[in-house]
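So you can see what is in the structure, the chains are spelled out below.
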Amino acid sequence: MDMLTIGAFAKASRLSPKALRLYDELELLRPARVDPETGYRYYAVAQLEQARLVAWLRRLGMPLARIRRVCALEPGPAAREIRAYWARVEAETAARRDLTAFLVDHLSPSPGKDTSMLELRYSALSDTGLVRDANQDSVHAGARVLAVADGCGPYGAPASTAAVRALTFLDDEPLSAGGVLNLLEDAVEGAARAVADLVPRHATAQGPDGEGTGSTLTALVWTGSQLALVHIGDSRAYVLRDGTLFRITHDHTVVQSMVDEGRLTPEEATAHPQRALLLKALGTEAPVPDLRLQDVLPGDRYLLCSDGLSTVVPDEEIARLLTSAPDPDAAVRTLIGAANDAGGPDNVSCVVADLVEVARPAGIRVG
């Protein structure tokens with residue numbers, strides 16, 4: 001059998017020695033022989049074809065787990081698997097293209113837009129799920145404030161309640177788009193203090209698995225012309241616009257940061273053991289929240305949810321269920337039912353709100 005050193009094989013296959021060592025560890029491309037004394041790897045010339053296939057598939061961005069499946073197939077089925085993968089990539093690219101168009105529209109100035117006669121129609125629901133003993137989520141839906149919080153640790157339930165209560169006073173406040181972000185920033189600081197005060201001085205803030213007390217917080221506040229977003233953690237906010245679902249929050253998790261840095265693909269992230277590890281949460285310190293104003297259109301449907309929904313129900317299914325639900329009340333019940341049908345491994349909470357046009361009072365002139 002013709003053998004090549006790892007260096008010669010790397011050059012011939014256009015894979016680095018570092019990549020070859022990784023693929024060996026993952027049992028994706030094992031060397032033909034390993035020197036028992038030096039540990040040096042040798043590869044057979046016949047392995048070059050498989051190595052080049054691996055290199056090509058990585059250039060496509062295919063996750064390693066899927067590459068392993070392709071390499072185990074005969075040529076015909078392997079070609080079909082690659083074609084199916086690329087069809088999914090193209091679909092995701094189209095979704096990102098739509099999101100780009102949405103963001104451009106969202107961030108573009110829109111002087112003179114008349115949204116004074118829009119209002120929210122909303123519903124909220126929270127469920128313990130099928131596995132957890134208690135519900136540590138909190139939700140709120142009011143004329144101005146929509147909020148979801150997901151608590152964690154030994155005081156998780158009161159932490160999420162405190163996080164939401166820090167915002168609910170805004171339901172009764174006169175708001176303007178110009179000042180609402182400052183109000184939200186102050187409210188987040190208050191929420192962080194409230195969560196920190198929950199942990200008694202003589203008690204540990206750590207749960208049985210080393211999990212500290214804290215809470216996520218994702219909320220939308222209606223000013224009468226725009227929605228103000230505040231976001232910390234991995235609860236999510238979406239908007240369904242013209243039949244297309246857009247996620248308008250970014251998860252503050254270790255895994256999401258690895259995806260952002262190119263160290264994981266989104267597909268690999270879904271099975272990562274640290275996918276629930278947060279980079280930001282309300283706890284002993286006040287984190288810097290994501291804050292921004294969101295332009296709106298009549299007919300928009302907004303969803304806020306804890307990760308008990310988003311980790312078990314794919315975005316495509318969420319979009320389908322939101323589109324088919326006749327009103328917010330039906331939507332929250334259907335979404336929570338879908339999470340429980342998928343096993344209900346976590347508490348699940350949803351707020352759904354429709355932005356609807358209402359009749360103008362008599363005597364009001366426009367223009």
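All values reported here derive from a predicted model rather than from experimental measurement.

About the criteria used
- Residues numbered from 1 in each chain as written.
- Predicted model: local features only at pLDDT ≥ 70, side-chain atom pairs only at ≥ 80, totals over all residues.
- Heavy atoms only, no water.
- Phe/Tyr/Trp six-rings, centres within 6.5 Å; stacked < 30°, edge-to-face > 60°.
- Helix = DSSP H or I, 4+ residues; strand = E, 2+ residues; numbered from the N terminus.
- Buried < 20%, exposed > 50% of the residue type's maximum accessible area, 1.4 Å probe, protein only.
- Disulfide = S-S within 2.5 Å.
- 1 Å grid on protein atoms, 1.4 Å probe; cavity = no way out; pocket = protein on both sides within 12 Å on 5 of 7 lines; lining within 4 Å.
- Points joined across faces, edges and corners; volume = space filled by probe spheres on them.
- Nonpolar A, V, L, I, M, F, W, Y, C, P; charged D, E, K, R; others polar.
- pLDDT = per-residue confidence, 0-100.
- Contact = heavy atoms within 4.5 Å.
- Axes fitted to C-alpha atoms, helices over the stretch in contact; angles between N-to-C directions.
- Parallel < 35°, antiparallel > 145°, perpendicular 65-115°, else oblique.
- Left-handed = near helix turned anticlockwise from the far one by under 90°.
- Pairing = 2+ DSSP bridges.
- Polar contact = N/O pair within 3.5 Å; in protein donor to acceptor, adjacent residues only side chain to side chain.
- Salt bridge = Lys/Arg side-chain N within 4 Å of Asp/Glu carboxyl O.

Some words on the packing of aromatic side chains
- Evaluated as defined, the whole model comprises 2 aromatic pairs.
- A ring pair is formed by Phe9 and Tyr43, whose centres lie 4.4 Å apart and whose planes are at 10°; its orientation type is stacked. Linking Phe9 in helix α1 (residues 6–13) with Tyr43 in strand β3 (residues 41–44), this pair joins segments that are 34 residues apart in sequence. By the burial criterion, Phe9 is buried, and Tyr43 matches it.
- Residues Tyr40 and Tyr42 carry aromatic rings whose centres are separated by 5.6 Å and whose planes lie at 70° to one another, so their mutual orientation is edge-to-face.
- Judged by relative accessible area, Tyr40 falls into the partly exposed class, the value being 37%.

Quick word on the state of the cysteines
- Taken as a whole and judged by the stated rule, the model has 0 disulfides.
- In this structure Cys305 is not part of a disulfide, and its nearest cysteine sulfur, from Cys350, lies 5.7 Å away.

Quick word on the layout of surface pockets
- Volume-wise, the second largest pocket comes out at about 280 Å³.
- As for the second largest pocket, its lining consists of 12 residues, and the residues nearest its centre are Leu64, Arg263, Leu264, Thr265 and Glu268.
- The class makeup of the residues in the lining of the second largest pocket is 6 nonpolar, 3 polar and 3 charged.

A few points about the confidence of the model for the protein chain
- Summarising the model, the protein chain shows a mean pLDDT of 85, and 86% of its residues fall at 70 or more.
- Per-residue pLDDT stays below 50 along residues 201–210; that stretch engages in 13 contacts with residues further than four places along the chain or on separate chains.
- Note that pLDDT drops below 50 for residues 363–367; the model gives that stretch 2 contacts with residues more than four away or on any other chain.

Some details on the packing of helix α6 (residues 156–168) against helix α7 (residues 180–197)
- Look at α6 against α7: their axes get within 8 Å of each other, and the N-to-C directions meet at 155°. One element, α6, and the other, α7, form an angle in the roughly antiparallel class. Of the two possible hands of crossing, α6 and α7 adopt the one that is right-handed. Taking contact as the criterion, the partners of Ala159, Ala162, Ala163, Ala166 and Leu167 in α6 are, on α7, Leu184, Ala187, Ala191, Ala194 and Val195.

Here's the deal with the sheet that holds strand β1 (residues 3–5)
- Taken in spatial order, the 3 strands of this open sheet run β1-β3-β2, and their pairing is antiparallel. The two strands at the open ends of the sheet, each matched to only one other strand, are β1 and β2 (33–34).

Description of the pairing of β3
- Of the pairings in the sheet, the one linking β1 to β3 comprises 3 bridges and is antiparallel in character. Within β3, the position partnered with Met3 by the bridge is Ala44.
- As judged from the 2 bridges shared by β2 and β3, these two strands associate in the antiparallel manner. Along β3, the bridge assignment pairs Val34 with Arg41.
- Linking β2 back to β3 in an antiparallel pair, the connection comprises 6 residues, with Gly39 at a positive phi of about 75°.

Re the side chain of Arg236
- Inspection of the secondary structure assignment puts Arg236 in strand β10 (residues 236–241).
- With a relative accessible area of 13%, Arg236 lands in the buried category.
- In this structure the side chain of Arg236 is engaged in a polar contact, spanning 3.1 Å, whose partner is the side chain of Tyr238.

Here we look at the pattern of salt bridges
- For the structure on display, the rule yields 12 salt bridges.
- Across the pair Asp251 and Arg236 runs a salt bridge, and its minimum N-O distance is 2.7 Å. Taken together, the residues span a long stretch of sequence, with Asp251 in the loop between β11 (244–247) and α8 (254–260) and Arg236 in strand β10 at a distance of 15 residues.
- With a relative accessible area of 9%, Asp251 lands in the buried category.
- Here Arg301 ties to Asp354 by a salt bridge, and the two come within 2.6 Å at their closest N and O atoms. Placement of Arg301 in strand β13 (residues 301–305) and of Asp354 in strand β14 (residues 348–357) is noted, with a sequence separation of 53 residues between them.
- Given a relative accessible area of 8%, Arg301 falls into the buried group.

Some words on the pairing of β10
- Across the 6 residues of β10, 6 count as buried, placing the element largely inside the fold.
- In β10, alternate side chains face the same way, and those of Arg236, Tyr238 and Leu240 on one face and Ala237, Val239 and Arg241 on the other are all buried.
- Pairing between β10 and β11: 4 bridges, direction antiparallel. Bridged to Arg241 within β11 is Thr244.
- In this antiparallel pair of consecutive strands, β10 and β11, the connection spans 2 residues, and Asp242 shows a positive phi of 55°.

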